[in-house]
Amino acid sequence: MTRQLFIPLTLLLVVGFLIGPFLIIVAASFSAGDTLAFPPQGFSLKWIAKVFTVESFRESFAMSMFLAIGGTFTALILGIPASYAMSRYKLPFAETVRTIVSAPIIVPGIIVGLALLRYFVVPFGIGITLALFLAHTALILPYAVRVVSASLNNLRSDIEEAAVLLGSSRVGAFFRVVLPNIRGGILSAFILGFVTSFNQVPVSLFLSGPGVRTLPIDTLGYMEIVFDPSVAALSSLLAFLSIGIVFMAERFLGFSRYV
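An account of the accompanying structure is given in this report. Model, not experiment: these values are computed from the prediction.

About the cut-offs
- In this numbering scheme, every chain counts its residues from 1 along its sequence in written order.
- Residue-level local features of this predicted model are given only where pLDDT is at least 70; pairs of side-chain atoms are given and counted only at 80 or more, and the full residue set underlies all totals for whole chains, interfaces and linings.
- With hydrogens and water stripped out, all remaining heavy atoms of the structure feed into the side-chain values.
- The helix and strand labels rest on DSSP assignments: H or I over at least four residues marks a helix, E over at least two residues marks a strand, and numbering proceeds from the N terminus.
- Three exposure classes are used, based on accessible area relative to the maximum for each residue type with a 1.4 Å probe and protein chains only: buried under 20%, partly exposed in between, and exposed over 50%.
- Contacts between residues were defined by any pair of non-hydrogen atoms, one from each residue, lying within 4.5 Å.
- Per-residue and other accessible areas were derived by the Shrake-Rupley procedure at a 1.4 Å probe size, with only the shown protein chains allowed to occlude residues.
- Positive: Lys, Arg. Negative: Asp, Glu. His and the chain ends are not part of the count.
- A charge is said to be at NZ when it belongs to Lys, at CZ for Arg, at CG for Asp and at CD for Glu.
- To qualify as a nonpolar core, a set must consist of buried Ala, Val, Leu, Ile, Met, Phe, Trp, Tyr and Cys residues joined through side-chain atoms within 4.5 Å.
- Candidate patch residues must exceed 30% relative accessible area and have no salt bridge, after which like charges are joined if within 9 Å and Val, Leu, Ile, Met, Phe, Trp or Tyr side chains if within 5 Å.
- Salt bridge criterion: a side-chain nitrogen from Lys or Arg within 4 Å of a carboxyl oxygen from Asp or Glu.
- Aromatic rings from Phe, Tyr and Trp, with only the six-membered ring used for Trp, were paired whenever their centres fell within 6.5 Å, and each pair was classed as stacked if the ring planes differed by under 30 degrees, edge-to-face if by over 60, and tilted otherwise.
- Two limits define a charge over a ring: the Lys NZ or Arg CZ must be within 6 Å of the ring centre, and within 35 degrees of the ring normal.
- Counted as a polar contact is a pair of N or O atoms within 3.5 Å, where, for protein atoms, one must be capable of donating a hydrogen and the other of accepting one, and residues adjacent in sequence contribute only when both atoms are in side chains.

Let's talk about the overall build of the protein chain
When its secondary structure is counted, the protein chain shows 13 helices and zero strands. Reading the protein chain from its N terminus to its C terminus gives the helix and strand order α-α-α-α-α-α-α-α-α-α-α-α-α. With respect to the principal axes defined by its C-alpha atoms, the protein chain has extents near 70 × 65 × 30 Å. For the protein chain, the proportion of its 259 residues judged to be buried stands at 40%. Look at the contacts in the protein chain between residues 6 or more apart in sequence, and 72% of them connect residues 24 or more apart. Accessible surface computed for the protein chain: about 15000 Å², of which carbon and sulfur atoms make up 73%. If you average the places of the 16 positive and of the 11 negative side-chain charges in the protein chain, the two averages end up 10 Å apart.

Structure below.
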């Protein structure tokens, strides 16, 4: 009897530890008080509404969307050919290339951001927006390569060879046979890259500058000046946005099959 109670209790504690802070932030975002506090002081939607009226939030949201969408598209444009080459051909340095491409995942983000700032942005005088764009693209590229490579490995190569034998060119077979069959993986890579870029903090923290900030960095700056529940409201909205995107990906694309 003790063992039967121990396992569910342990599972409940683990789940509570993982989602407890999130539930506290969500509850605090509906507070009627003027300061961020828990338990919430009454119930109000005014802080949810205020999120949409803060000009800096709107500007940084637009920047985050630009980086997430543009960086993910660029990473896919670079990652799909690289994944195809490593999956279909015996390249002599394929493992080395794969390791280099995966470096932004392995190395902590704070080190990546500092290294980009010190040895890439400052010496070459690169603008803030371009630096953020290149950094986010580099961070998304490993996810694009890994997810698309998994889809290509699950696609039998003889299907492509059959198209070539029937008269199609290699390029034609790639666009007419390969791409349609891995579209689920490409869409999954896009969603994963978008969420990763949109919620990126360490690298963006080093590369942001006056007038150019992503939404997470702008939120940190806002908290240094104002400590009201609008920060909790914004955090809740971003969390629900990420959860919704991942849920839709799993529901309609079978996201877990490509990761």
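Back to the text.
Some remarks on the nonpolar core
One finds Phe57, Phe194, Phe198, Leu215 and Leu234 to be the most contacted residues of the largest nonpolar core, which totals 17 residues. Breaking this core down by element, the ones donating at least two residues are α2 (46-51), α3 (55-88), α10 (183-198), α12 (215-225) and α13 (230-253). With five residues, α13 is the largest single contributor of residues to this core. In contact with Phe194, other than residues within four places in its own chain, are Met65, Ala68, Ile69, Thr72 and Ile245. Core analysis: the next-biggest nonpolar cluster, separate from the first, contains 16 residues, Ile80, Tyr84, Val147 and Leu155 among them.

Side note on a nonpolar patch on the surface
Taken together, the side chains of Leu11, Val14, Val15, Phe17, Leu18, Ile19 and Leu23 make up a nonpolar region of the molecular surface, amounting to roughly 710 Å² of accessible area. Looking at the element boundaries, Leu23 is found in helix α1 (residues 2-29). Judged by relative accessible area, Leu23 falls into the partly exposed class, the value being 49%.

As for the packing of aromatic side chains
Inspection of the entire model under this criterion finds nine aromatic pairs. An angle of 55 degrees between the planes, with centres 5.3 Å apart, marks the rings of Phe73 and Phe190 as tilted. A residue pair is termed long-range when its members are at least 10 positions apart, and Phe73 in helix α3 and Phe190 in helix α10 qualify at 117 residues. You can call Phe73 partly exposed: its relative accessible area is 48%. On the basis of relative accessible area, Phe190 is assigned to the partly exposed category, the value being 22%. One aromatic cluster is present, formed by Phe61, Phe194 and Phe198 through successive ring pairs. Directly above the ring of Tyr119 sits Arg118, whose terminal nitrogen or CZ lies 5.1 Å from the centroid.

Some words on the environment of Leu205
For Leu205, the position within the fold is in helix α11 (residues 202-207). With 92 residues separating them in the primary sequence, Leu205 and Gly113 have C-alpha atoms 7.6 Å apart.

Describing the environment of Ser208
By secondary structure assignment, the location of Ser208 is in the loop between α11 and α12. As a C-alpha pair, Ser208 and Phe66 span 142 residues in sequence and 14 Å in three-dimensional space. Leave out the neighbours within four places in its chain, and Ser208 touches Ile128, Leu132, Arg213, Thr214 and Ile217. A polar contact is formed between the side chain of Ser208 and the backbone oxygen of Ser204, at a distance of 2.6 Å.

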